[in-house]
Structures are given as C-alpha cells and as structure tokens.
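# Structure assessment
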Amino acid sequence: MNANALVRLLTGRRSWIIALVGLILGGWMIAGLGQAERTPDPLSTLPAGFESTEGQALLGELPDEGSSTAIVLFTREDGQIAEDLPGLGGVMAGIAETYDTGEGAPVAGAPEGGAEGGGEAGPPPGVETEGEDGAGPPPGVDTGAEDAAGAPPGADTGTEGAGGPPPGVTEGGIPVIPSEDGTAALSVLTLEAPSASEAQEVVTSLRADLDEAVPEGVTAQVTGPAAIQADLASVFDGANITLLAVTASVVALLLIVTYRSPILWIVPLVVVGIADQVAATVATRVLAWVDVPWDESTIGILSVLVFGAGTNYALLLISRYRDELRRYADRHEAMAVALRRASEAVIASASTVVVGVLSLLLSVFPSTRGLGLASAVGVVVAVLGVLLLLPGALVVFGRWIFWPQVPREGQQLLSESRSLWRRIGDTVARAPGVSILVTLGVLAAMAFGLTQTVSGLAPEDQFLETPEAITASERLGESFPAGTSDPVLVVTRTDDAAVVEELAERVGDVDGVTSATAVDPVEGIGQVQVVLEADPGSEASTRTVSEVRAELEGEDQTYVTGGAASSADESAGNVRDRWVVMPLILVLVLVALMGLLRSVLAPIILVASVVATFTAALGVSWWLFTGIFGFSAIDASMPLLAFLFLVALGVDYNIFLITRTLEEARVHGTREGVLRALGATGGVITSAGILLAAVFAVLGVLPLVVLAQIGVVICIGVLMDTLVVRTVLVPAIVRVLGPTFWWPRKVEPVEPVERSGEAREPVTVGS
C-alpha cells in the first residue's frame, strides 16, 4: 500500500472503523495483556563494570540473598536512655521472633562487643564470639582493652574476666547497644526483603510494632538499607496512578483553553490516553523480552513523555486540519491534506526523539538503558496512535466538533493572517541581526548559573519530604559514627578467615576509617564491614573510599562496595555517561535532521539553538533550585536526562516551524516563507510548548528531588524554546541567511501563488 492509498484509508468515509478497531485493540492490550512484571535486580541501578557493582554481584552469591539490614534507633525525649535499656532488650527479643531471619550481622561501628543468649537470632554464619556467655567482639576487631572483652578502654564492665557484654549492652539474640554519649541506642535486624515492595511491607509493619512496644517517652525509628529501600518504594506507592491522573488533568485543561471548545479536547485526550497505557504495556513487555531492567520511575517518566509528545503531535494535526477546513468543503479531503502535510513534521520530530532516547542504551546504568528503550517504544506508539487513529476519530464528527469556533470554507488562512506571531515575525525581520545578538546575549546571561552549580546530592537531600529512614540516619550520626547506618563493605572471595582478618587490619589503619569488622567467610565469600568517619555522600567519604581501594589494590577478587563506595561509583558512572551519551545524542539528532531536511547547515543551526537553550535553562534552574526550592546541589543523573529530553523534544518545535517554512519557501521564497510559517504555526507551537512544559512539571508531584529537578529544567527549557528560540532566534537566522539556510540543498520558489496561498495537487478521498 503506497502513501496516498494509506492516507485515503485513514481519512475516508469509513475511517471511523479504523479508529474504532484501533481503540478497541488498545483497550484489549491494556486490560487483557497488561504490563509485564518487573523482576527486581539490585544491580540494575548500579553502574556496570564498576568495582562496587562487582562487589554487589559477589554478595549476590551468598545463600542469604534477599535479606537486608535494618537498624532500629532508640532515643528518649529527656536525652538519657540508660534506664530503658533492659526494657528495650525485651522489646527487641520479641521483635526478633517476628522479623529477624536469624542471620543478623554484627553492628559495625558501634561500641565493640555484642551478646548472644537465649534468643533465636544471632550473628551471621561464621562470625565467632568469645566468652562463656557468647559475648565479645567479632574476630579481628581491636577492643582496646585486655581485661574486658568488647569494652571500650577504661570502661567498667562489672565483670571479672573476659566474658560478658560491654556496659549497658543488653544480653539476648538481638543486643541493644547504647551510644557513648548515652542519648541513643541501636539494634540491628536482618529482614527478609528480596524486593522493594516486600521491604516496604516488612518495614512498615516493623515500625508499627515498635511504636506499640517501646516504653513511654522512648522513640523508635528504623533506618539502614532495608528502611531506605522501603521508603523509596513508598515514594512510588500509587505514584504512577497519581502521576497519570494529574498529567491527564493538566492536558485536558490546556486542551480546553487551547481550543476553547467544550467537546473537541475529549477526542485527542482519549486517543493519547489509550496510547499512553498501550505504550506502558508494549514497553514493559519489550524490556522483559530483551532482558533489559527498568525501575520504579520508568513508567512514570514514560507516561509524561507519551502524553507530552503525543498531545503535541495531535495539536499539530488538528491545527492543520482546522486550517484546511477553511480551504476545502469536504472534511475528508481537508483531513487528507492535513494528514499528508502534518505527518511529515510529526514523523521527522518523532524520528529525532527516538534516535535520541535510544542513545541511552550506551549508559553504564542498566535501568537507564531500560528508560531509553521504553521511551523509544512509547514515542513510536504515540505517533501511531495520532497518525492512524486520530484522523478517523475527528472526521466522523464533522466540523461541529470545533464548536463554537467552527472553521468555514473561504475563511482566511493562518499563514495569510496578521496574527500575533506574524507581527512578531515582521518585527524580527526588520532587524534580524539585532534580534540574533540580543537573544544570544540573554541566553548567555541565563547560562551564567552553570558556573555556580554543585553536583551530587547527599542521601538526606534526595527526598522532597524527608522520610523516617533519613531522619533516623541523621540522628544516628549525632551519637554514633556517621557511616554506621550504611557501612562500606570489603568483599573478597576466600575461605580463609585469616585473610579476612588481615584485610580488616589493613583497612582499619586507613585515615578516615572508624572501624573495620571482619566477618568470617560464608560459601567462600568473606566480608569486612567498614564504618567511615565522614558523612555518607560527602567528599571526605569519597576520598576515604579511594584510599581504602588504594590500600587493597592488587588483591585478587576483592572489591570495595556499599555505602560511600557505591555512591562514588554512581557519581563516576554519571560523569562517564555525560561525556559519552550527551555528544552521541547531538550526533544522532544532527544526522537524523540532515537526512530529513537533506541539508547540512540547517540541522547544525537547529541543534546548536537547542543546546544554547539547555545551557540557559540549566543555569536559570540552578538559581531556582538554591534560591526558591532550597536544594543544595543537582542530582548527578539529572543533566543527562534533562539534556536528552530537552534536545530531542526541543528540536520538535524547530522541526514544526522549519518543515512549514520549507513548504512555504517553495511558493514564496525562504525569507517570506519563514514569516508565513511563523504566523501559521505560532499558535499551535506555543500551545504545544506550554502543554509539554506543564506535563513535565507534573514530575514534581513525586517527592524525589531528581525528578523535580528534571521537570523544572525541561519546563523552563521548553518554554524558552517555544517563546524565544523558535519565535525570535531561528526566524532571525533564516532571514539573514535566506536560501543559504538550506545549504547545500537548493530551495527556490517554483509554484505559482494562488489566492489561497498555495497550489496543491488534487486529493482523491476514498469513499
């Protein structure tokens, strides 16, 4: 089937059947097929090939894979908790029966020592204890005293000899260990939580049971890896539904404002809404089929992208359809011309978005690769929905669908009107050189904020609303070493406990290390739990990790992972992605535009204009982040994702303008053509830009700082692209260059000018 036959099929008198069948098929895919189940993978968010990831992969071979550590922090309102320790020991004994897997880990960084008694839980397999009561430090830990096992130097243990716990430490399967300042105590549980959703369920129940069990005046909070994972899962609990509802509401409101019609907005919203859910179904099944992981945020970002891009394409088609209804008496003929003309811009735009997002497949983060592939699938589904289903869904209703502003044959065309955008274009045309200089000066001033940016959010700064795991971790750092809640791990493949102890001694001598606790090998894998003096995520912790790695350099199959080590590698992975993926995005989009426009100079100008917009948007956003939102830094992964979506989607508006300019240039010449194109597309592009900006701003409903930052940067960038770059800068450049803008392509007027402004081939509409 050739293109003309397809257009006749999609816009003919029976086109409504295609639209109906397509919508029914989409509904079946959503309800009957459904999204693929996501298999949680702890390595999916870690940079492939980095040391911390290799260490986590080695830990995954342990028989207790699926367990996670939770730290229970006890504090008292009056500050002193010593009198409550016996009662808290009883509380933890009861809690352990319900929650602890019996594979508890030693408390790294706490006052050395522990207790093991009649409870069911104890130290992990292979961790030895000393003394007849089972109390004492794990092997390889220097207690600092020879007369009292596990006690800090000079402490009065109340015992004679080596047995017994340090002062205040409760005896039992899950010891409660007081801080040296006496204001807090902690206990460690190992929870069965192989996935984020299960961690959320277990930690929520644990918190509720602790609240009921602790003595009056004592506050119990849960932190540690299990709690952080649970709180992160809570962020996305129902988030996709909330995000979808808010996004659809924003799109509906803006469509009503754009068309000023009580009916028309429903048609594109239904088509794009179904396309959004079909995209989620197809994307997740494709990801599962090719075994590419995705995370909790993927579907939310995909939904925003499909709604934004799909509605933009729908706006362009509807705008052209309404304009053609002023030329043709037959609505099917008008839609055929509109579809033929608009599809060129839509396909060109979608192609640049698809090649742009596919560049994420080169990311070192598996979940980012999943986002790229899912986004590509989503954009393709959005284009198919708009181009295949929307024409039939619109023409079946006739002209009255635009009521109360029904377009009539013979009315003035947008390209011939003295619209606001045409008047702006005429102003630019009078002094295009000045317009270019002023616009570039404004963009450069806005980009100045880039010189002030700080990259890398601390763990406690990653949530808009601080969850309990973070507040407890901050309080824990006031009474215990800062790295206690999330220690660094040295993982090595060995069966020799002496080797692990020797590693612990070497790591313990590194500056910035508070303690290094050896854990005897299990299944041929040994560990050293390392607590750092510096706060997690700080530059000092990163330096200490580097020194630990330098100390262990050359050790076979020995990796430093977890805590600050994983954070450092994630930052390095994000830097690598920026240097590799961002240039690739530019190259791919540039090549795609060259192929679509058959030009070299025009694509270079268009891509350069979008890059200028990105730098300006990021610079302005930094002032907003620090001055209004109170963010201390930008997330390390944010610039790449913001750059990707802003470049790929920002080029859309230039494509909408330039493809119409090319169409007009064949009749009126390039310089006049760009002004006519601006007058014809100014309204729809502005509406599309405002809608896309609002849709991405909706990401702020999710209480993650990184998503809020991505939404703000894209929102500002899209508005600048729409209102400044596309309206002033690009038309001014086209006016200065004239036909040279298309170099090496030759574009000259070749068609006679009719009353309507264009000579067109007759369109045969299918019956």
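Above this note sits the structure.
Residues numbered from 1 in each chain as written. Predicted model: local features only at pLDDT ≥ 70, side-chain atom pairs only at ≥ 80, totals over all residues. Heavy atoms only, no water.

With that out of the way, let us pick up the overall build of the protein chain. Summing up its helical and strand segments, the protein chain has 21 helices and 8 strands in all. Residue pairs in contact within the protein chain that sit at least 24 positions apart in sequence constitute 79% of those at least 6 positions apart. Only carbon and sulfur atoms are counted for the fraction: they give 56% of the accessible area of the protein chain, which is about 30,100 Å². (Helix = DSSP H or I, 4+ residues; strand = E, 2+ residues; numbered from the N terminus. Contact = heavy atoms within 4.5 Å. Areas by Shrake-Rupley, 256 points an atom, 1.4 Å probe, with all protein chains shown as cover.)

Right, let's talk about the environment of Pro47 for a bit. Among the secondary structure elements, Pro47 is positioned in the loop between helix H2 (15–33) and helix H3 (51–59). With 522 residues separating them along the chain, Pro47 and Asp569 place their C-alpha atoms 7.1 Å apart. Those residues in contact with Pro47, other than ones at most four positions away along the chain, are Thr53, Val364, Phe365, Asp569, Glu570 and Gly573.

So, on to helix H20 (residues 670–697). The largest bend in H20 comes to about 50 degrees, at Thr681. Most of H20 sits inside the fold, with 22 of its 28 residues counted as buried. (Bend = angle between axes of the 7 residues up to and from the residue. Buried < 20%, exposed > 50% of the residue type's maximum accessible area, 1.4 Å probe, protein only.)

This part covers the environment of Arg207. Assignment of secondary structure puts Arg207 in helix H5 (residues 196–213). Between the C-alpha atom of Arg207 and that of Val222, which follows or precedes it by 15 residues, the distance is 6.8 Å. In this structure, Arg207 is in contact with Val222, Ala227, Asp231, Glu468 and Ala469, ignoring residues within four places of it in sequence. A distance of 3.1 Å separates a polar side-chain atom of Arg207 from the backbone oxygen of Val222. (Polar contact = N/O pair within 3.5 Å; in protein donor to acceptor, adjacent residues only side chain to side chain.)

Let us now look at the nonpolar core. One recurring pattern in soluble globular proteins is that nonpolar side chains are buried together. Ranked by size, the top nonpolar core spans 143 residues in total, and within it Tyr313, Tyr321, Leu390, Met638, Phe645 and Leu707 carry the most contacts. The leading source of residues in this core is helix H19 (residues 638–668), at 19 residues. The residues contacting Leu707, other than those within four sequence positions of it, are Phe236, Ile301, Leu699 and Leu702. In this structure, Leu88, Ile174, Leu191 and Val214 belong to the second largest nonpolar core, which totals 29 residues. (Core = buried A, V, L, I, M, F, W, Y, C linked by side-chain atoms within 4.5 Å.)

The next thing to look at is the side chain of Thr439. Turning to its location among the elements, Thr439 is positioned in helix H13 (residues 432–446). In this structure Thr439 comes out as buried when scored by relative accessible area, which is 7%. In this structure the side chain of Thr439 is engaged in a polar contact, spanning 2.7 Å, whose partner is the backbone oxygen of Ser435. Not counting residues within four places of it along the chain, the set of residues in contact with Thr439 comprises Val724, Val728 and Leu729.

Turning to the packing of aromatic side chains, a few remarks are in order. Taken as a whole and assessed by the stated rule, the structure comprises 8 aromatic pairs. Plain terms: the ring middles of Phe397 and Trp400 are 5.9 Å apart, the flat faces sit at 90 degrees to each other, and that makes the pair edge-to-face. Classification of Trp400 as partly exposed rests on a relative accessible area of 45%. For the ring pair Phe645 and Phe696, a centre distance of 5.9 Å and an interplane angle of 45 degrees mean the geometry is tilted. With Phe645 in helix H19 and Phe696 in helix H20, the pair connects residues that are 51 residues apart, well separated along the chain. A single burial state applies to Phe645 and to Phe696, both of which are buried. (Phe/Tyr/Trp six-rings, centres within 6.5 Å; stacked < 30°, edge-to-face > 60°.)

What follows is about the side chain of Thr492. By secondary structure assignment, the location of Thr492 is in strand S5 (residues 488–493). Excluding its chain neighbours within four sequence positions, the residues that come into contact with Thr492 are Leu58, Val500, Leu503, Gly524, Ile525, Gly526, Asp556, Gln557 and Thr558.

One pass over the full model with this rule turns up 21 salt bridges. In this structure, a network of salt bridges that share partners links the residues Arg320, Glu324, Arg327, Arg341 and Glu663. (Salt bridge = Lys/Arg side-chain N within 4 Å of Asp/Glu carboxyl O.)

Remember, this is a structural readout, not a statement about activity or role.
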